[in-house]
Structure formats: structure tokens, C-alpha cells
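Each chain, letter by letter, is given below.
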Amino acid sequence: MKLLKQQVHANEVYKNGYTGKNVRIAVLDTGVFLHRDLRNRVFGFKDFVDGRGYCYDDNGHGTHVTGIICSNGTIKGIAPDAQVAAIKVLDREGNGKTNRVLQALEWIQEYKKKYAIRILNFSVGFLPGAESEEQKLIVDKLEQLWDDNMIVVAAAGNNGPSEGSVTVPGISRKIITVGANDDKNPGRFMPKAYSGQGPTECCIVKPEILAPGTNMISLDRNNHYVRKSGTSMATPVVSGAIALALQKNPGLRPEEIKLKLYESVEKNEGMRGGDTKAWGNLHVDNLLHLI
């Protein structure tokens, strides 16, 4: 991921010894395959789909997301020494149910202190037709976690470029919502300018921050590598950057991290930060300088 690290300006952080060590992240997704590049990176697994007691990923999406965060082999993630609890809430088709997600969030609420989980990566979005009450339940629970010192990072969704296309739970006014800044020409598998756009009903900037998400090379099942695109891929880039920040200053609260992201972004330069309503593009070196 050498190119990725250049795109997000992560040039000095690794020279200064920041790798996400001792920072733990919960990844709600399709599970995880224990790829050779994830050796010692996955410290826990919980399955809310089939109730299995061992790591698996029958889709591949969750493994790809986890690799972007903390792969530490042939491919290195943004925070290669961070650790992940893989929480399976999506099935082999990538579909999920509200009750499974709520059960997973309640599990995180109960066990986050025991397992020292600081970040929740939520690369899961509700379809536009989802029941409004279901959407509210998820947003409310994520905001409770945020208020209880959990840094929640969610995808803006892939329903752009029209206004008001950010998906739940990215519409939450509290949590950090991530869009893709390289979606202008994503190729034949994704629509042009797919990244969800604000405004939202709460009338604040959404997504707040942009990161690369198109044609991202990361881990696949069976020890392979694969390219995937979407705001699901941009989200773990930001989660990994936050892990670097927490290694430097473990005492930072969610609102403090959010403020530092705002103060550190690359504005009106680089990829797409100049023609969207987001704060700007992720700039990792700037973020760590401010911590």
C-alpha cells in the first residue's frame, strides 16, 4: 500500500515509530479470514450470523477491510501493529439484519472496556428502503457508544453523487463519516462519483472526511489479494489513521479526535477535497503533528 500511504500523506509517522501498536479496533462486517498477512492481528471473533466459534469470512468484504487497517505482511495496512476484533453481522451475500447489528453493538458496549476496544469501524450501510425506525435504532446505539468514549467511523455509502445520498448510519451528527476522494473514474464495477454526499437532516457537513477508496488492493480469502472499491474501503483508512493517533495519545476522546481530523485535513488540494462539501482529504502526518 505504498501508493495509498503517499495519497494520505503518511510519510513521517512510520519513521517516528507509530504503527497502531496497542490499539484495538472492532470491525463490524462479513467476518475475517485469517490471511497470512493478518498473523497476530486478529485478537477476537464474534459471529452474529451463524454463531460459529472460529474465524471465517464467506464473502471477503470484512477481510479486505481488516487488511486495509492492519495487514502486516506482503501488504501493510495503515496501522500494521493494531489489532482487530472481527464481528460478523453480514452474511455471504453481504446482507444483514437490524437485530444482528444491534446485538453486535450491545456486545461491544458490554465488552469494549474488558478488551480495550477504542475504535469501531462500520463499513456497513443501510439500503435507502430500510425502515426509518430500524435506522434510528442503529444511529441511537452508535451515538451511545460515541458518548461512552468509542470512536465510531462509518462509511458514507455508494449512492452518490446526488445530494442527500449519505446512508445510515453515516447520517449521525456525532460519528465520523468517511467518503471516497478518488471516485471520479472508478471503472466498470462502480458508478462514477459513487461516494455519498450530504447534506443530511441535521444540516452539518457529511461526510466529514475523504480518503482513497477506489481499486484498493487488500486481502482476500485463501491468502489471495484483490481489488475492491467503495466508501467501505475508505473508512478503514481513516480508522487506521486514528489508531496511529491513539498510539501517540491514548487519552484522546472521540470529540477530540474529530476536531483534530478537522484541523488537519488537506483542503482544496489533492484528489476530491476541493469539489465536495466535506472538510477535506485525510492527511495523516498533519493529524499526528496535532496530537
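Throughout, a residue's number is its position along its own chain's written sequence, starting from 1. Per-residue local features are limited, in this predicted model, to residues with pLDDT of at least 70; the limit for side-chain atom pairs, both in listing and counting, is 80 or more; totals at the level of whole chains, interfaces and linings are taken over all residues. No hydrogens and no water enter the side-chain calculation; it runs on all heavy atoms of the structure.

On to the layout of surface pockets, then. Roughly 430 Å³ of volume is contained in the second largest pocket. Around the second largest pocket, the lining comprises 22 residues; the ones closest to its centre are Gln135, Val166, Val168, Ile171 and Glu201. Residue polarity follows a fixed list, in which Ala, Val, Leu, Ile, Met, Phe, Trp, Tyr, Cys and Pro are nonpolar, Asp, Glu, Lys and Arg are charged, and the others, Gly among them, are polar. Its residues assigned to classes, the lining of the second largest pocket shows 9 nonpolar, 8 polar and 5 charged. A pocket here means an open set of points on a 1 Å grid, computed over the protein atoms alone, that has protein on both sides within 12 Å along at least five of seven lines. A cavity is instead a set of points where a 1.4 Å probe fits but cannot get out; residues with an atom within 4 Å of a point line either one. Grid points are joined across faces, edges and corners, and a volume is the space filled by probe spheres set on the points.

Bringing the sheet that holds strand β5 (residues 151-155) into the picture now. With parallel pairing, the 8 strands of this open sheet are ordered in space as β2-β3-β1-β4-β5-β6-β7-β10. Because the sheet does not close on itself, it has two edges, and the strands there are β2 (42-47) and β10 (280-281). Paired strands, as defined in this entry, are two strands with at least two bridges between them according to DSSP. Only DSSP runs of H or I reaching four residues or more are called helices, and only runs of E reaching two or more are called strands; each is numbered from the N terminus. In this sheet, β10 lies alongside strand β7 (residues 209-211) in parallel orientation, the contact comprising 2 bridges. Counterpart to Leu210 in the pairing with β10 is Asn281. Helix α3 (residues 98-111) contacts β1 (24-29), β2, β3 (83-88) and β4 (117-122) of the sheet and is inclined by roughly 170° relative to β1. Here, two residues are considered to be in contact whenever any of their heavy atoms come within 4.5 Å of each other. Axis lines are fitted through C-alpha atoms, for helices just across the contact stretch, and the angle between N-to-C directions can take any value from 0 to 180 degrees.

Here Lys5 shows up in helix α1 (residues 2-7). Only protein chains enter the area calculation, which uses a 1.4 Å probe; residues under 20% of their type maximum are buried, those over 50% are exposed, and those in between are partly exposed. In this tally, Asp and Glu contribute negative charge and Lys and Arg positive charge; neither His nor the terminal groups of the chain are included. Salt bridge, as used here: a side-chain nitrogen of Lys or Arg that lies within 4 Å of a carboxyl oxygen of Asp or Glu. As a buried residue without a salt bridge, Lys5 has its nearest oppositely charged side chain in Asp81, at a separation of 10 Å. Ignoring anything within four residues of it in the chain, the contact list for Lys5 reads Ala10, Asn11, Tyr14, Lys76, Gly77 and Ile78.

These figures capture arrangement, not role.
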